[in-house]
2 protein chains.
Amino acid sequence: MNQTSPISIDFQSLKERLSSHGLKVTSQRLIIYQCLLMSDDHPSAEIIFEKIRVDHPSISIGTVYKTMETLVEAGLAKKVKTADDLLRFDAKTGHHNHIYCSNTDQIMDFDDPELQSILEDYFSKREFKNFLVTDFQLLVNGEILDKGKRIKLKQSK
Amino acid sequence: MNQTSPISIDFQSLKERLSSHGLKVTSQRLIIYQCLLMSDDHPSAEIIFEKIRVDHPSISIGTVYKTMETLVEAGLAKKVKTADDLLRFDAKTGHHNHIYCSNTDQIMDFDDPELQSILEDYFSKREFKNFLVTDFQLLVNGEILDKGKRIKLKQSK
DNA sequence: CTTGCTGCAAAAGGTTTGCAGCTCC
DNA sequence: GGAGCTGCAAACCTTTTGCAGCAAG
């Protein structure tokens, strides 16, 4: 878990990825998408906005929301949600599970081929009456024991 | 899945359950808790409010929110969240998984002892460095094939 | 040129909060 | 009688929307 993304994040490949998904290439989309790809912490729209704003003060929060929605629709990002709150995003669109720490509010990727095959095996055998399974995801909740490394990102609640 | 709750829902037992959890017994809490227990569809605060309002027009939405929060804190209810949106509630506090239909916005309980033991087995063997697993939950996404039975509850989106 | 994206500001939910009065214990 | 609930309304925050102007293809 927490490995770096295998996707190259130079603007040229991002441009190609956007246009191959039928999206117009704009500087805002490139920056937002790049920011998401460089984040391994499943940022919210607000967090992406704050990060980008440092270098691109004219960006607007509405654009971030719209772009995230567009990326999700295009299949270039996924929505993630925890037992607590807030919508957050993930550039890894392949199947994987998540670990959520309720103390620090961190979401970490949790990729384990063994678990994956256990679950796929189970679902291939299991029949659902009148229900088509499109996707499944395991969310592991718990607490990071390694204290003091991070502070809670959330604005209280 | 979709079995009726094993919890008795007469006011006397509800009173006892509330006070044994250190909560004052009020008519609003009894009604709200009873409504949640009788629901197998993981209602939102808004839905509970609408259901209750029919017979108890003086109830306020703020009370419903506060009471739900209180019940969750007391361990008498759980929060549930889907890949889409909205916070919803579940009176079943024991470990179980959920099935979510993105077409109708229904959340169904998904209790399978076989799956449960597979997962417990996996987690007992799996070690997490610096992470204490308190809970895990599988969310199955998909579509109900049995069309026409229900309409989407959600107010668009 | 035309489509569709951006920025702005206003609006729209859903949820929380402050407070006075009332209830339960 | 006092702690702690309730109802009401206002506030809050995140997200969405409408629209005029602008940029990409």
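Residues numbered from 1 in each chain as written. Chains lettered and ligands numbered in written order. Predicted model: local features only at pLDDT ≥ 70, side-chain atom pairs only at ≥ 80, totals over all residues. Heavy atoms only, no water.

Draft legend 1. Molecular detail of the overall build of chain A. In terms of helices and strands, chain A carries five helices and five strands. Taken from the N to the C terminus, the helices and strands of chain A come in the order α-α-α-α-β-β-β-β-α-β. Summarising the internal contacts of chain A: among those between residues at least 6 apart in sequence, 48% fall at separations of at least 24. With an accessible surface of roughly 8,500 Å², chain A has 52% of that area assigned to carbon and sulfur atoms. (Helix = DSSP H or I, 4+ residues; strand = E, 2+ residues; numbered from the N terminus. Contact = heavy atoms within 4.5 Å. Areas by Shrake-Rupley, 256 points an atom, 1.4 Å probe, with all protein chains shown as cover.)

Draft legend 2. Highlighting the nonpolar core. Counting 28 residues, the largest nonpolar core has Phe131, Leu138 and Val140 of chain A together with Phe131, Leu138 and Val140 of chain B as its most contacted members. Elements represented by at least two residues in this core include exactly strand E3 (97-101), strand E4 (107-110), helix H5 (113-125) and strand E5 (131-144) of chain A together with strand E3 (97-101), strand E4 (107-110), helix H5 (113-125) and strand E5 (131-144) of chain B. Beyond its immediate chain neighbours, meaning those up to four positions away, valine 140 of chain B contacts Phe123, Phe131, Val133, Asp135 and Phe136 of chain A together with His98, Ile99, Tyr100 and Phe110 of chain B. With 23 residues, the next largest nonpolar core counts Leu37, Ile48, Met68 and Leu71 of chain A among its residues. (Core = buried A, V, L, I, M, F, W, Y, C linked by side-chain atoms within 4.5 Å. Buried < 20%, exposed > 50% of the residue type's maximum accessible area, 1.4 Å probe, protein only.)

Draft legend 3. Layout of helix H3 (residues 45-53) of chain A. Buried within H3 of chain A are the following residues: Ala45, Ile48, Phe49 and Ile52 of chain A. Buried positions in H3 of chain A, seen along its axis, are confined to an arc of 100° and lie on one side of it. (Arc of directions from axis to C-beta.)

Draft legend 4. Fine view of H5 of chain B. Residues and elements named next belong to chain B. In this model, H5 (13 residues) spans 18 Å end to end at C-alpha, consistent with the 18 Å of a helix rising 1.5 Å per residue. Within the sequence span of H5, burial applies to Leu115, Gln116, Leu119, Tyr122 and Phe123. Looking straight down H5, one finds its buried side chains confined to an arc of 130°; they lie on one side. Exposed side of H5, more than 90 degrees from the buried face: Pro113, Ser124 and Lys125 are the residues found there. If you check the start of H5, you find a side-chain oxygen 2.9 Å away from the backbone N of glutamate 114, and it comes from aspartate 112. (Expected span 1.5 Å × (residues − 1). Polar contact = N/O pair within 3.5 Å; in protein donor to acceptor, adjacent residues only side chain to side chain.)

Nothing here speaks to function; it is geometry throughout.
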